[in-house]
Every structure is written in C-alpha cells, then in structure tokens.
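Here are the chains, one letter per residue:
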Amino acid sequence: QVQLVESGGGLVQAGGSLRLSCVASGSFFRTYDMGWYRQGPGEERELVARITRSGTTNYADSVKGRFTISRDNAKNTVYLQMNSLNSEDTGVYYCNAWTITSFLYWGQGTQVTVSS
C-alpha cells in the first residue's frame, strides 16, 4: 500500500504561481511513475503532467510551457510548479503513482483556485 499526501494548493490570483508537492510513503518511490491530474468543477479528471521513473516527462497541451513536474527521489516527493495560472486551472489536483507491479494509487487531492 502506498500513501500519497498532496499539499501546496490554495487561492491565487490569475497570473500567479503555486508549487504543489506530493509525498509518497514507503521505500520504492524511485521505481514509480508519478502523475498529476486535476478535476475542475463539473468536469472529468484529466492528466496534467507525468514523470516516469527514469525522469521522462510529458504534459497536457493546456499547461505546456507553464507547468513543470519534477521529482526528488531522496525525499519521496514529486512536485508540480505552476506558473501563469488562469481560471481554467482551477480544480482539485491529485497525485498518483504507478508501481512496477501495475498498482495505481491516488492521493486525496489539494484544491487550487485561481481568481480572475
């Protein structure tokens, strides 16, 4: 069982920045592919960014050039740096972890609200 705890959400004005963090439990973090997803009001959950165990990243088109995903294996943590935020970025942001045995775990989410 992997527990994921997100933090760093909050209220920010349009054009501002936030950095989200997700800390994973256990000793195998470096073997996980990690992702950030978000769910806006009345919308389905969508991929924002992911980073593989080898460090390869990919992003949703809507956040390319504004968001950066990174990981610190020594701290069991994945980050999402979000810049130039706009109202469409509002939602609950979830962290997930894919293990090498194909189990998928989710965090509880952190709310991001961008005011215009």
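Now for a description of the structure that goes with this document. All of these numbers come straight from a predicted model, not from anything done at the bench.

1. Some points on the overall build of the protein chain
Helix and strand content of the protein chain: 0 helices and 11 strands. When the helices and strands of the protein chain are listed from N to C terminus, the series reads β-β-β-β-β-β-β-β-β-β-β. Its C-alpha atoms give the protein chain a radius of gyration of 13 Å, within 12% of the compact-globule value 13 Å for 116 residues. Projected onto its principal axes, the C-alpha positions of the protein chain cover 40 × 25 × 20 Å. A buried classification covers 43% of the 116 residues belonging to the protein chain. Carbon and sulfur atoms form 48% of the exposed surface of the protein chain, whose accessible area is close to 6100 Å².

2. A closer look at the nonpolar core
Formed by 28 residues in total, the largest nonpolar core has its most connected members in Leu-4, Met-34, Trp-36, Val-78, Leu-80, Met-82 and Tyr-93. Contributions of two or more residues to this core are made by strand S3 (18–24), strand S4 (33–39), strand S5 (46–51), strand S7 (67–72), strand S8 (77–82), strand S9 (91–98) and strand S11 (110–115). In terms of residues, this core owes the most to one element, S3, which gives 4 residues. Beyond its immediate sequence surroundings of up to four residues, Leu-80 is in contact with Leu-18, Arg-19, Leu-20, Trp-36, Val-48, Ala-49, Phe-67, Thr-68, Ile-69 and Tyr-93.

3. Observations concerning unusual backbone geometry
With phi around 55 degrees, Asn-76 is a residue other than glycine that occupies positive phi space. Note on placement: Asn-76 falls in the loop between S7 and S8. At Ser-102, a residue that is not glycine, the phi angle is positive and equals roughly 70 degrees. By the element assignment, Ser-102 lies in the loop between S9 and strand S10 (104–106).

4. Considering the packing of aromatic side chains
Applying the stated criterion to the full structure yields 3 aromatic pairs. A centroid spacing of 6.4 Å and a plane angle of 85 degrees characterise the contact between Tyr-94 and Trp-106, whose relative ring orientation is edge-to-face. Of the two residues, Tyr-94 is situated in strand S9 and Trp-106 in strand S10; the sequence distance between them amounts to 12 residues. Note on Tyr-94: relative accessible area 13%, which makes it buried. We note Arg-45 situated over the ring of Tyr-94; from NZ or CZ to the ring centre the distance is 3.7 Å. Over the ring of Trp-106 we find Arg-45, and its NZ or CZ is 4.6 Å from the ring centre.

Scoring rules and cut-offs
Residues numbered from 1 in each chain as written. Predicted model: local features only at pLDDT ≥ 70, side-chain atom pairs only at ≥ 80, totals over all residues. Heavy atoms only, no water. Helix = DSSP H or I, 4+ residues; strand = E, 2+ residues; numbered from the N terminus. Rg over C-alpha atoms; globule rule 2.2 N^0.38 Å. Buried < 20%, exposed > 50% of the residue type's maximum accessible area, 1.4 Å probe, protein only. Areas by Shrake-Rupley, 256 points an atom, 1.4 Å probe, with all protein chains shown as cover. Core = buried A, V, L, I, M, F, W, Y, C linked by side-chain atoms within 4.5 Å. Contact = heavy atoms within 4.5 Å. Phe/Tyr/Trp six-rings, centres within 6.5 Å; stacked < 30°, edge-to-face > 60°. Lys NZ or Arg CZ within 6 Å of the ring centre and 35° of its normal.

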